[in-house]
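# A structural walkthrough
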Protein chains: 2
Amino acid sequence: MCGTCNGDTNGGAPAAAANPPSQATANGVYPAQGLPKSSPYQSVQDYISNVNSFKIIESTLREGEQFANAFFDTETKLKIAKALDNFGVDYIEVTSPVSSPQSYEDCKKICQLGLKAKVLTHVRCNMDDARKAVECGVDGVDLVIGTSSFLREYSHGKSMEMIQKIALEVIEYVKSQGVEVRFSSEDSFRSDLVDILALYKAVDRAGVNRVGVADTVGGATPRMTYDLVRTLRGVVGCDIECHFHDDTGCSVANALSALEAGASHIDTSVLGIGERNGITPLGALMARMVVTAPEYVTKKYNLKALKSLEELVADSVQINIPFNNPITGFCAFTHKAGIHAKAILANPSTYEIIDPSLFGLTRYVSINSRITGWNAVKSRVEQLGLKMTDEQVKEVTAKIKQMADIRPLAIDDTDSIIRSYHLDVVQQ
Amino acid sequence: MCGTCNGDTNGGAPAAAANPPSQATANGVYPAQGLPKSSPYQSVQDYISNVNSFKIIESTLREGEQFANAFFDTETKLKIAKALDNFGVDYIEVTSPVSSPQSYEDCKKICQLGLKAKVLTHVRCNMDDARKAVECGVDGVDLVIGTSSFLREYSHGKSMEMIQKIALEVIEYVKSQGVEVRFSSEDSFRSDLVDILALYKAVDRAGVNRVGVADTVGGATPRMTYDLVRTLRGVVGCDIECHFHDDTGCSVANALSALEAGASHIDTSVLGIGERNGITPLGALMARMVVTAPEYVTKKYNLKALKSLEELVADSVQINIPFNNPITGFCAFTHKAGIHAKAILANPSTYEIIDPSLFGLTRYVSINSRITGWNAVKSRVEQLGLKMTDEQVKEVTAKIKQMADIRPLAIDDTDSIIRSYHLDVVQQ
């Protein structure tokens, strides 16, 4: 039990159980990586942290359906649900069955797939929505209501007292049906701190499995996140789920900060698709967490399935995988500058914090540019089975750089320059 | 002068001068935004923070040239330099003139443009490279050397003593030429803390303008960043520049954390292009900082030029702007879910932390999906100049959702459904 909790022991498992200081990072799962061993900062991993025990609530089929381009037919939804299950996510969250007749049918079908992952649906905090959700056979119901003054004024118009009254009724009903229940505020970071802590405390007492903190507008920072979750960790005994939008580019870092502060569950979607520019991307979170908690992440998730999962979703919503996507972006493991390439060839950990082979991927050292160095060219010369002295390699490197100053070079252009030099100079 | 500095007063301006508690966030530049006023977290803005006074070192023409797809001819470089200057960045960093003959010529040409921004070049820490740099007429020389055990073993093979000796010689030379000088370690987060602090202290005494902290492999977290920069802030009196790679999706948040800890300069590139999946993107940093420091950012930077700047660079390196790019992604200001759309129509701040008009952009409320709500449809009905009762709008909304369950709808499909309903039902 977390030393900072208030002692309520209710429906939710205590999320913030003390984790031992990251053994995982020191025991050689990925020893070459270097950060944990040689960094003076490993002590920031403290006892409320869940970085070595977090769970993923995968919301491609809910938040993702709010992405501008998303139109998932039933077949696509089932395919995505199975692929997420194969990847190893803990929960799959689907669109509210109240949204449309097809949403209702699809929710039922996903529940009937018999996945390892639990199926959740995300509904407004009212009795009608909750009843429909339970009807579909979900493992859990995610209740949400806006608590910021903005949403109270411009959206539902309810007071905090009314919100709490409704919440307790709906929670009691869902629990009575033997189904997991989460209660989340919306726009938590712009809500009054005292208001939402009182509300969370009340729903914790009522026995929710999780409370949810949502950065609905994407304005939170890692520090704000740490402060709010850390405070909440001292108020509730149940698990804490966090949901971060990416409007200001902080959704991955905020997820990490939340886990450091004692949150237990992180919402993701594949490639981050969701309202506006979306939420914490599953792949980017994996990139972050495989560095922070290598043993936990490599054992738990089927990392080699990430690329095909992302391709499935990208095709379904007709988008390109961003060029700069962590891990699967086309050049995430491409090394170009001379001083980088030299070191990478000697030891990949010099310029890689993630081993691409964990994700079934490979690295590539570019030798086609004006910033190419002779060590990379030497490696290519050897790959081509040619023999040259270092002086000769330096000379042909100068030729490559000269050509690359004039026009873009492809790898076969560079190979041609090397072969022709070899023919002219070395074999003379 | 920063209260935590060691009292050395040398070449560098004291970066960590106390900033007043963020007046900017309370004085109404973007009052609707809400986060600063209603959040209980504004107190995390503390006196060493530079979030209201940071400078940008824009490295599209250096780090960006290390992007796999980058081949900039002279004309493109000049175009990008001018566009960056028009945006208002403080510094433009270009590829080392030692890299190739054309790099040398281009560096000179950019220096001769007479830009408001200062021109820097980024070179290895040795006398030959520094001489070439000064020869080109740059305003400043950015020296870099690897200090992690990885790089010392697998790259240059130098001891810390040797690194310091060379650094001091090169710094003295650059200063003697009347040119700004920065000294940066490479892979700072995997370097020995005592080693690099000793080195930074020595170069600070030698009068560098800035020291640089580089997360070369992209493995740092906001907490690690805060800790290292905060510690360094107490050791050196000069400015602190930070450079973050994005391998684990934290480059924007790390930049913010660095500024909170007293860093003064952040390296960016347009769309984040650079080695592997790149560094802190200029646009994403603007998204973050316009929320954190609205007055400073809106006054200083020409935000309306962001989109064309990104398009220029994307075209130059033949990439698409990522679908989920902050601010300029195609759906960054598109609202789709019913409960979101309803509130957005009443007050955009409910679901927007950034006002799109600051960047010359507009929002869009989607009404073409199964998760559409009737309030959004009502707004569209009014836009179309039609008159319906709320009951009628709800009825036509159900029809739209029914159709959207079957196939993707375009805006004109939805308009047709509305018009045909109006004709059939309302005008009867």
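In this text, all values refer to a predicted model and were calculated from it rather than measured experimentally.

Reading the values: the criteria
- Residues numbered from 1 in each chain as written.
- Chains lettered and ligands numbered in written order.
- Predicted model: local features only at pLDDT ≥ 70, side-chain atom pairs only at ≥ 80, totals over all residues.
- Heavy atoms only, no water.
- Helix = DSSP H or I, 4+ residues; strand = E, 2+ residues; numbered from the N terminus.
- Buried < 20%, exposed > 50% of the residue type's maximum accessible area, 1.4 Å probe, protein only.
- Contact = heavy atoms within 4.5 Å.
- Areas by Shrake-Rupley, 256 points an atom, 1.4 Å probe, with all protein chains shown as cover.
- Least-squares fit on C-alpha atoms with pLDDT ≥ 70 in both.
- Phe/Tyr/Trp six-rings, centres within 6.5 Å; stacked < 30°, edge-to-face > 60°.
- Lys NZ or Arg CZ within 6 Å of the ring centre and 35° of its normal.
- Pairing = 2+ DSSP bridges.
- Axes fitted to C-alpha atoms, helices over the stretch in contact; angles between N-to-C directions.
- Core = buried A, V, L, I, M, F, W, Y, C linked by side-chain atoms within 4.5 Å.
- Buried area = accessible area lost by both parts, 1.4 Å probe.
- Salt bridge = Lys/Arg side-chain N within 4 Å of Asp/Glu carboxyl O.
- Nonpolar A, V, L, I, M, F, W, Y, C, P; charged D, E, K, R; others polar.
- Arc of directions from axis to C-beta.
- Polar contact = N/O pair within 3.5 Å; in protein donor to acceptor, adjacent residues only side chain to side chain.
- Disulfide = S-S within 2.5 Å.
- Expected span 1.5 Å × (residues − 1).
- Right-handed = clockwise from strand over helix to strand, strands pointing away.
- Parallel < 35°, antiparallel > 145°, perpendicular 65-115°, else oblique.
- Left-handed = near helix turned anticlockwise from the far one by under 90°.
- pLDDT = per-residue confidence, 0-100.

## Digging into the overall build of chain A
- Helix and strand counts for chain A come out as 16 helices and 10 strands.
- Here chain A holds 428 residues, and 65% of them are scored as buried.
- In chain A, of all internal contacts separated by at least 6 residues, the share reaching a separation of at least 24 is 74%.
- Per element, the accessible surface of chain A, about 14,500 Å² overall, is 50% carbon and sulfur.

## Here we look at the relation of the copies chain A and chain B
- It takes a turn of 180° to lay chain A on chain B, together with a shift of 0.0 Å along the axis; the resulting RMSD is 0.0 Å. In short, the pair behaves as if placed about a two-fold rotation axis. When C-alpha distances to the rotation axis are compared across chain A, the minimum falls at Pro322(A), with a value of 2.3 Å.
- Most of the interface of chain A is mirrored in chain B, where 100% of its interface residues are also at the interface.

## Overview of the packing of aromatic side chains
All names here are of chain A.
- This structure, assessed with the given rule, holds 12 aromatic pairs over all chains.
- One aromatic cluster in this structure is built from Phe 54, Phe 87, Tyr 296 and Tyr 301.
- The ring of Tyr 104 is capped by Lys 132, whose NZ or CZ atom sits 4.8 Å from the centre of that ring.

## A few points about unusual backbone geometry
- Despite not being glycine, Gln318(A) has its phi angle at roughly 55°, a positive value.
- Inspection of the secondary structure assignment puts Gln318(A) in the loop between α12 (306-316) and β9 (334-335).
- On the basis of relative accessible area, Gln318(A) is assigned to the exposed category, the value being 67%.
- One non-glycine residue, Ile327(B), lies in the positive phi region at around 70°.
- Structurally, Ile327(B) can be placed in the loop between α12 (306-316) and β9 (334-335).
- Judged by its relative accessible area of 4%, Ile327(B) falls in the buried class.

## Overview of the sheet that holds strand β2 (residues 91-94) of chain B
- Read around the closed barrel, eight strands run β1-β2-β3-β4-β5-β6-β7-β8 (chain B), paired in parallel fashion. The average angle at which neighbouring strand axes cross in this sheet is 25°, direction not considered.

## Some words on the nonpolar core
- If you look at the biggest cluster of nonpolar residues, it comprises 105 residues, and the most contacted ones within it are Phe87(A), Phe183(A) and Met286(A).
- When residues in this core are grouped by element, the largest group, eight residues, is from helix α6 (residues 160-176) of chain A.
- Met286(A) has contacts with Phe54(A), Ile56(A), Phe87(A), Val297(A), Tyr301(A), Leu303(A), Ile327(A) and Phe359(A), leaving out every residue within four places of it along the chain.
- In terms of nonpolar packing, the next biggest core, distinct from the first, is built from 104 residues, Cys331(A), Phe54(B), Ala167(B) and Ile319(B) among them.

## Some thoughts on the sheet that holds strand β2 (residues 91-94) of chain A
Residues and elements named next belong to chain A.
- With parallel pairing, eight strands are arranged side by side around a closed barrel as β1-β2-β3-β4-β5-β6-β7-β8. When strand polarity is set aside, the average angle formed by the axes of neighbouring strands in this sheet is 25°.
- As paired strands, strand β4 (residues 140-146) and strand β5 (residues 180-186) are joined by seven bridges and run parallel to one another. Across the sheet, the residue bridging to Val 141 is Val 181, located in β5.

## Topic: the interface of chain A and chain B
- Taken together, the 100 residues of chain A in the interface contact 100 residues of chain B.
- Roughly 8,700 Å² of surface becomes buried between chain A and chain B when both sides are summed, with 61% attributable to carbon and sulfur atoms.
- Run the count over chain A and chain B and you get four salt bridges.
- Across the pair Glu65(B) and Arg370(A) runs a salt bridge, and its minimum N-O distance is 2.1 Å.
- The biggest single contributor to the side of chain A that touches chain B is helix α8 (residues 222-233) of chain A, with six residues.
- Its residues placed into classes, the side of chain A that touches chain B shows 49 nonpolar, 29 polar and 22 charged.

## Regarding α12(B)
All names here are of chain B.
- Leu 306, Leu 309, Glu 310, Val 313, Ala 314 and Ser 316 are the residues of α12 that are buried. Buried residues of α12, viewed axially, fall in a sector of 160°; they line one side.
- Buried-residue contacts for α12 involve α2 (74-87) and α10 (282-292).
- Just downstream of α12, Gln 318 is the residue with a positive phi angle, here 55°.

## Concerning the environment of Asp139(B)
Residues and elements named next belong to chain B.
- Relative to the helices and strands, Asp 139 is located in the loop between α4 (127-135) and β4 (140-146).
- Expressed as a C-alpha distance, the spacing of Asp 139 and Val 119, which sit 20 residues apart in the sequence, is 5.3 Å.
- In terms of polar contacts, Asp 139 uses its side chain to reach the backbone amide nitrogen of Val 119, at 2.7 Å.

## Structural notes on the state of the cysteines
- Counted according to the given criterion, the structure contains zero disulfides over all chains.
- Here Cys250(A) is not disulfide-linked; the sulfur of Cys250(B) is the nearest cysteine sulfur, at 8.9 Å.
- Its sulfur unpaired, Cys111(B) is 4.5 Å from the next cysteine sulfur, which belongs to Cys107(B).

## Things to note about the pattern of salt bridges
Residues and elements named next belong to chain A.
- Taken as a whole and assessed by the stated rule, the structure comprises 48 salt bridges over all chains.
- For Glu 180, the salt bridge goes to Arg 210, with nearest N and O atoms at 3.0 Å. Of this pair, Glu 180 sits in strand β5 while Arg 210 sits in strand β6 (residues 210-215), and the two are 30 residues apart along the sequence. For the pair Glu 180 and Arg 210, one class covers both residues: buried.

## Quick look at α2(B)
All names here are of chain B.
- Here α2 spans 20 Å end to end across 14 residues, near enough to the 20 Å set by a 1.5 Å rise per residue.
- Summarising burial for α2: 10 of the 14 residues are buried, a large majority.
- Every buried residue of α2 is listed here: Thr 74, Thr 76, Lys 77, Leu 78, Ile 80, Ala 81, Ala 83, Leu 84, Asp 85 and Phe 87.
- Here the buried face of α2 lies against β1 (55-58), β2, α3 (101-111), α10, α11 (294-300) and α12.

## A few points about the pairing of strand β6 (residues 210-215) of chain B
Residue and element names in this part refer to chain B.
- Of all six residues in β6, six are buried, a share of seventy percent or more.
- By the alternation rule, side chains of β6 split into Arg 210, Gly 212 and Ala 214 and Val 211, Val 213 and Asp 215, which are all buried.
- Bridge analysis of strand β5 (residues 180-186) against β6 gives three bridges, and the strand direction is parallel. Residue pairing for β6: Arg 182 is matched across the bridge by Arg 210.
- A crossover connection joins β5 to the parallel β6 through helix α7 (residues 193-205); in handedness this β-α-β unit is right-handed.
- Taken together, the six bridges between β6 and strand β7 (residues 239-244) define a ladder with parallel strand orientation. Bridge assignment links Gly 212 to a residue of β7, and that residue is Glu 241.

## With respect to the packing of α2(B) against α12(B)
All names here are of chain B.
- Their axes nearest at 10 Å, the elements α2 and α12 cross at an angle of 160°. Comparing their axes, α12 and α2 come out roughly antiparallel. Between α2 and α12 the crossing geometry is left-handed. Across from Thr 76, Lys 79, Ile 80, Ala 83, Leu 84 and Phe 87 in α2, the residues of α12 making contact are Leu 306, Leu 309, Leu 312, Val 313 and Ser 316.
- When the residues that make up the contact of α2 with α12 are grouped by side-chain class, the tally is eight nonpolar, two polar and one charged.

## Focus: the confidence of the model for chain A
Residue and element names in this part refer to chain A.
- When the pLDDT values of chain A are averaged, the result is 86; 88% of them are 70 or greater.
- Contacts of residues 1-43 to residues separated by more than four positions or lying in other chains number 110 contacts, the stretch itself having pLDDT below 50.
- In the predicted assembly, ipTM is 0.84 and pTM is 0.85.

## Looking at the environment of Arg205(A)
- By the element assignment, Arg205(A) lies in helix α7 (residues 193-205).
- Put simply, Arg205(A) and Gly237(A) are 32 residues apart on the chain and 8.7 Å apart in space, counted from C-alpha to C-alpha.

## Describing the side chain of Arg62(B)
Residues and elements named next belong to chain B.
- Within the element layout of this structure, Arg 62 appears in the loop between β1 and α2.
- A relative accessible area of 6% places Arg 62 in the buried class.
- A polar contact of 2.9 Å, which involves the side chain of Arg 62, links it to the side chain of Gln 66.
- A polar contact is formed between the side chain of Arg 62 and the side chain of Glu 93, at a distance of 3.0 Å.
- Setting aside anything within four residues of it in sequence, one finds Arg 62 in contact with Glu 93, Val 94, Thr 95, His 122 and His 243.

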